[in-house]
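Residue strings, one per chain:
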Amino acid sequence: MTGTTSGERATELRNQTVDALKDAGTIVSARVEAVMRAVPRETFAPEADLDAVYEPWNGLVTKRDENGRAVSSLSAPDAQAHMLEQARIEPGMTVLEIGSGGMNAAYLSEMVGPTGRVTTVDIDPFVTERTSRFLDQAGYPQVTVVLADAEHGVPQHAPYDRILVTVGAWDVPPAWIDQLVDGGLLVVPLKVMGLMRTVALVREGDRLVSESARLFGFVPMQGVGAHDSTELALREGAVRLVFDEQAPADLSRLEGVLEYEPLVVDSGAGLRLGEPWATMQMWLATTVPGFCRILVDRAANEASPRPLGGLHTGMAAVDGANLAYVASRKLGGQELTLEVHAYGPAPAALAELVAEQLRVWDRDHRGGPGPQYLVYPATTPDERLPAADFAVAKRHSRVLLSWPRPANTVGSDVLHHPNHQ
Ligand SMILES: C[S@@+](CC[C@H](N)C(=O)[O-])C[C@H]1O[C@@H](n2cnc3c(N)ncnc32)[C@H](O)[C@@H]1O
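It should be emphasised that the depicted structure is a prediction, and the values quoted were computed from it without experimental measurement. (Residues numbered from 1 in each chain as written. Predicted model: local features only at pLDDT ≥ 70, side-chain atom pairs only at ≥ 80, totals over all residues. Heavy atoms only, no water.)

A. Fine view of the domain arrangement of the protein. In terms of domains, the protein is made up of domain 1 (6-225), domain 2 (230-364) and domain 3 (372-420). Once you take the C-alpha centre of each, domain 1 and domain 2 turn out to be 34 Å apart. Taken together, both faces of the contact between domain 1 and domain 2 bury some 980 Å²; the carbon and sulfur share is 60%. Across the domain 1-domain 2 interface, the total number found is zero salt bridges. Joining domain 1 to domain 2, the criterion identifies five residue pairs in polar contact (both at pLDDT 80 or more). For the side of domain 1 that touches domain 2, the secondary-structure elements that each account for two or more residues are β7 (180-192) and β8 (195-204). Broken down by class, the residue content of the side of domain 1 that touches domain 2 amounts to five nonpolar, one polar and two charged. (Domains from an automatic or database assignment. Buried area = accessible area lost by both parts, 1.4 Å probe. Salt bridge = Lys/Arg side-chain N within 4 Å of Asp/Glu carboxyl O. Polar contact = N/O pair within 3.5 Å; in protein donor to acceptor, adjacent residues only side chain to side chain. Helix = DSSP H or I, 4+ residues; strand = E, 2+ residues; numbered from the N terminus. Nonpolar A, V, L, I, M, F, W, Y, C, P; charged D, E, K, R; others polar.)

B. How the structure looks around the site of the ligand. For the ligand, the set of nearby residues contains 24 residues, the closest of which are Ser72, Glu97, Asp122, Ala150 and Gln222. For the ligand, an oxygen atom lies 2.7 Å from a polar atom in the side chain of Asp122. The separation between a nitrogen atom of the ligand and a polar main-chain atom of Ile123 is 3.2 Å. Judged by the proximity of its atoms to the pocket grid, the ligand belongs to the largest cavity. Elements with a minimum of two residues in the shell around the ligand: β2 (70-74), α5 (103-112) and β4 (117-122). The element contributing the most residues to the shell around the ligand is β2, with four residues. By residue class, the composition of the shell around the ligand is eleven nonpolar, nine polar and four charged. (Near = heavy atom within 4 Å. 1 Å grid on protein atoms, 1.4 Å probe; cavity = no way out; pocket = protein on both sides within 12 Å on 5 of 7 lines; lining within 4 Å. Sits in = over half its atoms within 2 Å of the grid points.)

What follows is the structure in structure tokens.
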């Protein structure tokens, strides 16, 4: 733009981003709006193009590993704004950020003000060096930058009123609960059954209770808390099944499963183009045994003589030697229908189970808030755990999920005890 300096252009883009996030309902508080209008995002990604820095919905990768996978990034403004809203930061608070970069720490520093304290920790010296440098340049030298594996928190500055985890976690290590004040908030992108949701959890004694959860992608945790999923490659890797937990013991029974003729069942459940489906994924993950994610290489699939049909949703389930995945099919206008494509020697029962759960989601949970999360230390005796719809045992914690009761069934449902899942 003629006559516009890069500083003016950055301010203009920053305001456009904040306006877009307000319109989308992500920014709701005056405090988050004010800091996101004030802090110059470009200081924390000097090598990137200004338009990319201010793209509201995408993060910027700042480091990749030897296999090309992103290991550090400047999180998307959308994700940062949402986490800041979830964290309800007040002036004077003591805050720990896990996963550094500088940008989010600068927002936090603005929000806690001169009487508060922000510590940010990262496992990677490349990241901590940049973070310190950028924070100094942007005028936030008061933020403490620590190089460590955050699996153990940062005990030297604890306790914290808030802990914001800005890296994808599979578990909640004891340090994150122990270093939080009672009533304090942990905001963490937590994976359950392979599905990551950024969950705001309040500490109540030794347990955590969720206030809200929303789908965002984050780079995975490294170090002691890193977690490997179990994968089965089909059709020479063109199709992969990914189990984050509760993988069946004998996956070899599924080899060759895609060579059967598919059975296609229209569930009757619907979806509109652009409609969020995070609760549908989580509903299937918590109600269909054998749930897994399915990753399909589009080019290899299209080149296959027997391509998998439908628009893929990434959700599947296995039962013995049978496999079923969920696909959508366009109806008219904005409407889609959800189909189940099932393969194997006897796929009908699995196909019907998945279809039935899609219908239950459509009837009872579509557009709803999704499940509440409870997190307990793994050492909690069974008799202290409340009833829940679904439970998963992690290394350090037990995560329990409970769905809101649909209006017409309040009090009539039998809850499953977590240990039976
Ligand atoms: C998405 S980036 C953080 C973004 C940053 N908060 C910002 O302001 O945009 C995630 C970071 O988590 C770090 N990380 C991964 N595993 C970690 C661990 N165990 N302890 C501390 N940091 C870790 C990575 O090195 C990476 O820099």
